[in-house]
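Examining the three-dimensional arrangement
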Amino acid sequence: MDGAPILCIEMALNKAYTALFGVSTQDFFNFIQRDPSLLAGIPTLSRVAAWEEGFPLRWTEKLSGRSG
């Protein structure tokens, strides 16, 4: 996106990597919230986005990306 802060590039890459899990970042976020050890550890992993919002984009059953 034109004019986006440089941090947005890193965030977009992390969200794309997390999309490989095949679940929305919202569902992933809700899942780790139920387990204190996951809530403490998962967000520290590089390339993992455990944020509210976002959902996987699929094109004919193939994961294509993420939005949100």
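Residues numbered from 1 in each chain as written. Predicted model: local features only at pLDDT ≥ 70, side-chain atom pairs only at ≥ 80, totals over all residues. Heavy atoms only, no water.

1. Let's talk about the packing of aromatic side chains
This is how the line gets drawn: Between 30 and 60 degrees the pair is tilted, below 30 it is stacked and above 60 it is edge-to-face, where a pair is any two Phe, Tyr or Trp rings, Trp via its six-membered ring, whose centres lie within 6.5 Å. Classification of residues uses two cut-offs on accessible area relative to the type maximum, computed with a 1.4 Å probe and protein chains only: under 20% is buried, over 50% is exposed, and between them is partly exposed.
Under the definition given, this model contains two aromatic pairs. Each ring, one from Tyr17 and one from Phe21, has its centre 6.5 Å from the other, and the planes form 70 degrees; the classification is edge-to-face. A relative accessible area of 41% means that Tyr17 is categorised as partly exposed. When its relative accessible area of 43% is taken as the criterion, Phe21 is described as partly exposed.

2. A closer look at helix H2 (residues 25–33)
Going by this rule: Where helices and strands are cited, they refer to DSSP runs of H or I of at least four residues and of E of at least two residues respectively, numbered from the N terminus. Note: the arc covers the axis-to-C-beta directions of the helix.
Those residues of H2 not exposed but buried are Thr25, Phe28, Phe29 and Ile32. Relative to the axis of H2, the buried residues are bounded by an arc of 100 degrees and lie together on one face.

3. Details of the environment of Lys15
Along the chain, Lys15 turns up in helix H1 (residues 6–19). Considering only alpha carbons, one finds Lys15 and Thr25, ten residues apart in sequence, at a separation of 7.8 Å.

4. Here we look at the pattern of salt bridges
Heads up, the condition is: Any Lys or Arg side-chain nitrogen located within 4 Å of an Asp or Glu carboxyl oxygen qualifies as a salt bridge.
Considering all chains together, one arrives at one salt bridge under this definition. One salt bridge connects Arg47 with Glu10, and the closest N-O pair in it is separated by 3.0 Å. Here Arg47 is found in the loop between helix H3 (36–41) and strand S1 (55–59), whereas its partner Glu10 is found in helix H1, with 37 residues between them in sequence.

5. Thoughts on a nonpolar patch on the surface
Going by this rule: Candidates for patches are residues over 30% relative accessible area with no salt bridge; among them, like charges are joined within 9 Å and nonpolar side chains (Val, Leu, Ile, Met, Phe, Trp, Tyr) within 5 Å. Accessible surface is estimated by sampling points in the Shrake-Rupley manner with a 1.4 Å probe; for residues, cover comes only from the protein chains shown.
Side chains of Ile6, Leu7, Ile9, Met11, Leu13 and Trp51 sit close together on the surface and give an oily, nonpolar patch of about 600 Å² of accessible area. Position of Ile9 relative to the elements: it lies in helix H1.

Everything listed here is a matter of coordinates, which is why it stays silent on function.
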